[in-house]
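Read off the chains here:
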Amino acid sequence: MSSETKQILTTDGIPLEVSLKKAEKKNKIKAFLLVAPLLLFLFITYVFPIGEMFTRSVDDKMITNMLPKTFKAMEKWDGKELPPEDVFTGFYLDYKVLIENQTQGKLGQRLNKEKNGFNSITKKLMRQIKRNKIDESQSIKEQIMKVHKRWRDVEYWQAIKRTAPPYTMAKYLKGMDMYFAADGSIAQVDEDRRIHRILWLRTLEIALFVTVFCFLMGYPIAHLLATLPMKYSNLLMICVLLPFWTSLLVRTASWMILLQQQGVVNDFFVMIGLVGDDNRPEMMYNKVGTYVAMTQILLPFMVLPLYSVMKTISPSLMRAGKSLGGTPFVAFWKVYFPLTIPGIGAGCLLVFILAIGYYITPALVGGASGTLISNQIAYHMKTTLDWSFASAMGLMLLSGVLVIYWIYNKLVGVDNIKLG
Amino acid sequence: MSKNPEFVKFDKVDKSYDGKVLVVKDLQLDIAEGEFITMLGPSGSGKTTCLMMLAGFETPTHGEILLDGNIISNIPPHKRGIGMVFQNYALFPHMTVYENLAFPLRVRKVEKDEIDKKVDKALSMVSLSGFETRMPAQLSGGQQQRVAVARALVFDPAVVLMDEPLGALDKNLRESMQYEIKHIHESIGVTVVYVTHDQSEALTMSNRIAVFNDGKVQQLSSPAELYEKPVNSFVAEFIGENNTFNGEVSDISGDKCKVKLSNAEILSNAISVKSKGEKTTVSLRPERALIEPSEKMDNIFSGKIEEVIYHGDHTRVRVNLLSNPEFILKVPNSTSNLELKLGQEIKIGWNSYDARALDPK
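Residues numbered from 1 in each chain as written. Chains lettered and ligands numbered in written order. Predicted model: local features only at pLDDT ≥ 70, side-chain atom pairs only at ≥ 80, totals over all residues.

A. Local environment of the nonpolar core. Counting 97 residues, the largest nonpolar core has Leu54, Leu161 and Val193 of chain B as the members making the most contacts within it. Sorting elements by how many residues they give to this core places helix H4 (residues 141–153) of chain B first, with six residues. Leucine 54 of chain B has contacts with Val8, Ile65, Ile82, Leu161 and Val193 of chain B, leaving out every residue within four places of it along the chain. In terms of nonpolar packing, the next biggest core, distinct from the first, is built from 45 residues, Leu304, Leu349, Ile377 and Ala392 of chain A among them. (Core = buried A, V, L, I, M, F, W, Y, C linked by C-beta atoms within 7 Å. Buried ≥ 20, exposed ≤ 12 C-beta atoms within 10 Å, placed from the backbone. Helix = DSSP H or I, 4+ residues; strand = E, 2+ residues; numbered from the N terminus. Contact = placed C-beta atoms within 7 Å.)

Laid out in structure tokens, this is it:
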């Protein structure tokens, strides 16, 4: 047998191989063009904003651009004693430019964030410069130090030096109730001012409990849905999906009507004599309200993946388990339950990730305990306008979710997730 | 050890799902120890319901089911100790073959060494040794079926139920599995209750067959008797092929009778007819009617060939005989075969003891 193979040609004499590749390439380009709008959309609405968020969260260029001469001169300063003359000169020249551009106020605010007391001494310096009280032929160091005693304090100059790098992790530290101390080390915020850590823990706690509640309530419903005859299961399915068709705000508001102290649920409890009229339990503006409302709102996200997995489990498996000698519980625990793990994983992951970023519902029904990390992010976006801090916290939330996803992958395996 | 002829007993069992229609009516059925019994019938005839009642997944509306003399109607499935093979195998997809087989032993708290031994034995019985660590999804349909059989047998149950276990296999595999299951039954002597709607499967494998129709056992007998001596038209029609003539009894003496058709009179065995004037359906197996018979037969008529179909080992000939255009003949193919031509008039004969006058259709 000869090992040579004759080249196959098409009717126009082109080798078939080349011709096939050409046709395939065309198809690949067509397929790519079809998904291109989605890719572009994803890039614009997802990858790009996250990148933007990241740069914003670490960006500290503003002050770097404001004080170029100062930082240049500071490179040679060891930061232990008061800086030498050329640092003061550099700062004076930079500050003069800022005054001319009328942007000196921003510098004061920025430095004040770094160390309290900067705002007033920069303003004082500005007034001296505007009145031409600074004689450029004399030592500028001496003259600035006379403006205010804080200009003689080395800590203030150290604070300026700390702002030199164009990037900073300060926002991330702040998100964890930490900050850069004067000597550049990382320090904890005073105990009575640690707010973010409480919020992180509370967010985690609420997400975790809501996931558990959703699982406990969703599992039997999903099982019922998967095993009932069609005509009943369709009705039940509609009941499960109904919340999806109602606005989130409407649902939250109806929970407020139901749960408040003079609300429907409390009235009912009083009516059946479970509680006294003067002793109505508080079910809203605390964690109970948050749990109830969020569990109800997120329940479909647990039920649907569970249902789709349970639907595929043949009822004869349970029967086989029982006929082989397993009690109904053993048959369930050893046969049915392990087969639903992909659905449990998908449902829990979905609910947890949604719950961890929830914000309207807990804010409305949770009262003081309803402030979660997302509320804090929104607060900094809208009220303090500290977008870089909001971005930093957003990214911390995102990385937290990614860590959970990673752990989940190690434990269950992402390939085991089944959404339907 | 003498075998208990009433090892499994259905005693006047009724079953109704909706309270209106009885799916199983007054079922009386005894199954002997070590027997291979098949419940055969069209779908909806109640055979699977009977199996499910025996397994414990359904409860009888009336009557009792006894296993080895004990009433089991109120015992839950997992305490009955009955093995079951399901139509779609019902192997646990998240367990290896070994774990599947070990499941019934583990729930019975059998020692680890003992489990290993029994699983080994059961796997070698279905010639699947070495497959312990495979997952069910990695096995072919036939292999999965064998694992299911091994799993139903591994804990030495008194009775094994099989619910159309071969329904999902292709024809060749199904046939070889039939023999395999039959051999396993013969070698370990377990009582098997087998449900199928495939009559050839039932004929191949069983000691006895219970033909179900309309919630009732129509006939319970050995495969040969069922085929040769059906007791009514339904069984005759359901098992094997069948030629029928509808007529009226014109004369009856002992076990022989004359049946008057529209244009002739045929001699037949009187099975369910008692007196003159009764309506009847005469049943005759296609292979019992001969073309141009050389020996003397007491029924000889002539008919016209309507269709000839070559089947390899035999030829099917459709003849219009005695105004029945659907009369089928099976002619064995041999070198001395007659030339069969369409439209040809041929003589067809059969003996009266092969024709059975049954209840009218």
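Having put the structure on the table, let's press on.
B. Focus on the domain arrangement of chain A. You can read the domains of chain A as domain 1 (61–166) and domain 2 (196–416). Domain 1 of chain A and domain 2 of chain A are separated by 54 Å when their C-alpha centres are compared. (Domains from an automatic or database assignment.)

C. The sheet that holds strand S16 (residues 299–310) of chain B, seen in detail. All names here are of chain B. As summarised here, the arrangement of the five strands in space is S15-S19-S16-S17-S18, forming an open sheet in which the pairing is antiparallel. Each end of this open sheet is capped by a strand with a single partner; those strands are strand S15 (290–291) and strand S18 (324–332). Judged from the six bridges that link them, S16 and strand S17 (residues 314–321) form a sheet pairing that is antiparallel. Across the sheet, glutamate 307 pairs through a bridge with arginine 318, a residue of S17. (Pairing = 2+ DSSP bridges.)

D. How the structure looks around the packing of helix H4 (residues 85–101) of chain A against helix H6 (residues 118–130) of chain A. Residues and elements named next belong to chain A. Contact geometry of H4 with H6 gives a least axis separation of 11 Å together with a crossing angle of 80°. Comparing their axes, H6 and H4 come out roughly perpendicular. Together, Tyr95, Lys96 and Ile99 of H4 and Leu125, Met126, Ile129 and Lys130 of H6 make up the contact between the two elements. Grouping the constituent residues of the contact of H4 with H6 by class yields five nonpolar, no polar and two charged. (Axes fitted to C-alpha atoms, helices over the stretch in contact; angles between N-to-C directions. Parallel < 35°, antiparallel > 145°, perpendicular 65-115°, else oblique. Nonpolar A, V, L, I, M, F, W, Y, C, P; charged D, E, K, R; others polar.)

E. Just the interface of chain A and chain B, in detail. Taken together, the 15 residues of chain A in the interface contact 18 residues of chain B. At the level of elements, helix H15 (315–323) and helix H16 (328–356) of chain A are the ones that each hand at least two residues to the side of chain A that touches chain B. Grouping the constituent residues of the side of chain A that touches chain B by class yields seven nonpolar, six polar and two charged.

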